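Structural description and commentary
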Amino acid sequence: MPGFVGHTVANTALLVGTTVVMRAQSWSWQDVMAVNAGIAIATFALSPDMDLFNSQSIKGWGWLRFLWLPYAKLAKHRDRLHVPILGTAVRWLYVLAILTLILILFRFWFRRIGLSIDFDFAGDTEDILYNALYLADVFLGAVLADTLHYLLDVITTKLKRLVPRRFRERYERYARAHYEREHRPAREAIGMSFKEQR
Ligand SMILES: [Zn+2]
């Protein structure tokens, strides 16, 4: 509910917080950067609001946003996949699946035009483990950001419910009347509000 701007501001504060706390606990800068990269990814590319097709988070993907249409169709907004860890993991796997598909298509295409490229990742096991730890940092950052997103969603919804119904209704009536006054011919607006009051 806080909207894209609200979530971005909150996640920026989180990023500053993780940097301060991790440095104070003498984590390396590489680790701090990896966690912060996770926060940035979860804010701008893989936010929980990817389950809403007209959200700012999806618009950020530009013309590539069509890749998220199946995800947004399958996941109802603010349903199970809005929850951290589970949602985070599903969105990562979703991207991984798309990348794998693209890789397979390219491989197929390369073979057809007679190009052979090795996609084998033959590295030291130690190297792979070492890099996997950074990946764990990035995931940790994304989980932190998604947790904050979820908490803010829940808290703002709760706060909204705390406002007594009559105040909410009065405000909504006020907002609607204002909108009508601003956007419609005056006479029509008066007619509308009379009708609504009855
Ligand atoms: Zn949300």
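Glancing now at the overall build of the chain. Helices and strands together make up the secondary structure of the chain, namely eight helices and zero strands. When the helices and strands of the chain are placed in sequence order, the string is α-α-α-α-α-α-α-α. Counting only contacts in the chain whose residues sit at least 6 apart along the sequence, the fraction spanning at least 24 positions is 67%.

This part is about the confidence of the model for the chain. Averaged over all residues, the pLDDT of the chain equals 86, while 86% of them reach at least 70. Scored below 50 in pLDDT, residues 189-198 makes five contacts in the model with residues more than four places away or belonging to other chains.

The subject of this paragraph is the nonpolar core. The biggest cluster of nonpolar side chains holds 16 residues, and the ones touching the most others in it are Leu14, Ile39, Ala42, Ala142 and Ala145. Elements represented by at least two residues in this core include exactly helix H1 (3-24), helix H2 (29-44) and helix H6 (125-162). Residues contacting alanine 145, with those up to four places away along its chain left out, are Asn11, Leu14, Gly38, Ile39, Ala42 and Thr43.

Glancing now at the packing of H2 against H6. Helices that pack against each other are described as a pair by the angle of their axes relative to one another and the distance between those axes. Packing of H2 against H6 leaves a shortest axis separation of 7 Å and a crossing angle of 45 degrees. When the axes of H2 and H6 are compared, the pair comes out oblique. The handedness of the crossing between H2 and H6 comes out as right-handed. Here Asp31, Ala34, Val35, Asn36, Ala37, Gly38, Ile39, Ile41, Ala42 and Thr43 of H2 lie close against H6, whose contacting residues are Tyr134, Asp137, Val138, Phe139, Leu140, Gly141, Ala142, Leu144, Ala145 and Asp146. Looking at the contact of H2 with H6 residue by residue, the classes come out as 13 nonpolar, four polar and three charged.

Once that is clear, we can look at the packing of H1 against H6. In contact at an axis separation of 10 Å, H1 and H6 are set at 135 degrees when each is read in the N-to-C sense. In terms of their interaxial angle, H1 and H6 are classed as oblique. H1 and H6 meet at a crossing whose hand is right-handed. Between H1, through Gly6, His7, Ala10, Asn11, Leu14 and Thr18, and H6, the contact on the second element is made entirely by Gly141, Leu144, Ala145, Leu148, His149 and Leu152. For the contact of H1 with H6, the class distribution of residues is six nonpolar, six polar and no charged.

Here the focus is unusual backbone geometry. Of all residues except glycine, most have a negative phi; of all peptide bonds, most are trans. One non-glycine residue with positive phi stands out, namely arginine 78, at about 60 degrees. The residue arginine 78 is located in the loop between helix H4 (69-74) and helix H5 (86-112) in this model. On the neighbour-count criterion, arginine 78 (17 C-beta atoms within 10 Å) is partly exposed.

Okay, H2 next. With 16 residues, H2 ought to run about 22 Å at 1.5 Å a step, and its terminal C-alpha atoms sit 22 Å apart, in line with that. Among the residues of H2, those classed as buried are Ala34, Val35, Asn36, Gly38, Ile39, Ile41, Ala42 and Thr43.

All right, on to H5 then. Counted at 1.5 Å a residue, the expected span for H5 with its 27 residues is 39 Å, and the 39 Å between its end C-alpha atoms agrees. Summarising the contacts, the buried residues of H5 are in contact with H6. Glycine 114 sits one or two positions beyond H5 and adopts a positive phi of about 80 degrees.

About the criteria used
Residues numbered from 1 in each chain as written. Predicted model: local features only at pLDDT ≥ 70, side-chain atom pairs only at ≥ 80, totals over all residues. Helix = DSSP H or I, 4+ residues; strand = E, 2+ residues; numbered from the N terminus. Contact = placed C-beta atoms within 7 Å. pLDDT = per-residue confidence, 0-100. Core = buried A, V, L, I, M, F, W, Y, C linked by C-beta atoms within 7 Å. Buried ≥ 20, exposed ≤ 12 C-beta atoms within 10 Å, placed from the backbone. Axes fitted to C-alpha atoms, helices over the stretch in contact; angles between N-to-C directions. Parallel < 35°, antiparallel > 145°, perpendicular 65-115°, else oblique. Left-handed = near helix turned anticlockwise from the far one by under 90°. Nonpolar A, V, L, I, M, F, W, Y, C, P; charged D, E, K, R; others polar. Expected span 1.5 Å × (residues − 1).

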